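Notes for the structure review
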Amino acid sequence: RIRANASEISSVDQQAILDERARELAFEGQRFYTLKRMGVYVSQIQQFAGNDNFVNQARERVDPKHRNWPIPQTELDLLGPNYPQNDGY
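Residues numbered from 1 in each chain as written. Predicted model: local features only at pLDDT ≥ 70, side-chain atom pairs only at ≥ 80, totals over all residues. Heavy atoms only, no water.

In this section: helix α3 (residues 41-48). The set of residues buried in α3 consists of Tyr41, Val42, Gln44 and Ile45. Take α3 and look down its axis: the buried residues cluster within an arc of 165°, on one side only. (Buried < 20%, exposed > 50% of the residue type's maximum accessible area, 1.4 Å probe, protein only. Helix = DSSP H or I, 4+ residues; strand = E, 2+ residues; numbered from the N terminus. Arc of directions from axis to C-beta.)

And the structure:
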């Protein structure tokens, strides 16, 4: 943080780690996976998405099922008739 001329932080919690990762790994395609892995994907979008019309739609439309993408039907066909689809799809 000194090298980046950023202010020091006095305590570390989960939100501080998420914020730091967002800054350090911006544009590297890791944020979705970090939020998903830590179980805070939906809450982070609902809390921190910006405030223009498009982002407000993201806040309203985000759903817990969005943590996992649907399994393609061709994959399900290969896995057998009793293999479950991800929740919500």
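We are not done yet, so read on.
Here the focus is the packing of aromatic side chains. For the coordinates displayed, the defined rule picks out three aromatic pairs. Relative to Tyr33, the ring of Phe32 has its centre 5.1 Å away and its plane inclined at 80°; by these criteria the two rings are edge-to-face. Assessed through its relative accessible area of 41%, Tyr33 is described here as partly exposed. Their ring planes at 15° and their centres at 5.8 Å tell us that Phe32 and Trp69 sit as a pair that is stacked. Of this pair, Phe32 sits in helix α2 (residues 31-38) while Trp69 sits in the loop between α4 (53-61) and α5 (73-79), and the two are 37 residues apart along the sequence. Chaining the aromatic ring pairs together yields one cluster made of Phe32, Tyr33, Tyr41 and Trp69. (Phe/Tyr/Trp six-rings, centres within 6.5 Å; stacked < 30°, edge-to-face > 60°.)

Here we take up the nonpolar core. Counting residues in hydrophobic clusters, the biggest one holds nine residues: Leu18, Phe32, Leu35, Val40, Tyr41, Val42, Ile45, Ala49 and Val62. Elements supplying a minimum of two residues to this core: α2 and α3. Considering every element that reaches this core, the biggest residue donor is α3, with three residues. Setting aside chain neighbours within four positions, we find Leu35 in contact with Leu18, Val40, Tyr41 and Gln44. (Core = buried A, V, L, I, M, F, W, Y, C linked by side-chain atoms within 4.5 Å. Contact = heavy atoms within 4.5 Å.)

What follows deals with the side chain of Thr34. Mapped onto the secondary structure, Thr34 falls in helix α2. Residue classification places Thr34 among the buried positions, given a relative accessible area of 3%. Here the side chain of Thr34 touches Arg21 through a polar contact of 2.9 Å, side chain to side chain. (Polar contact = N/O pair within 3.5 Å; in protein donor to acceptor, adjacent residues only side chain to side chain.)

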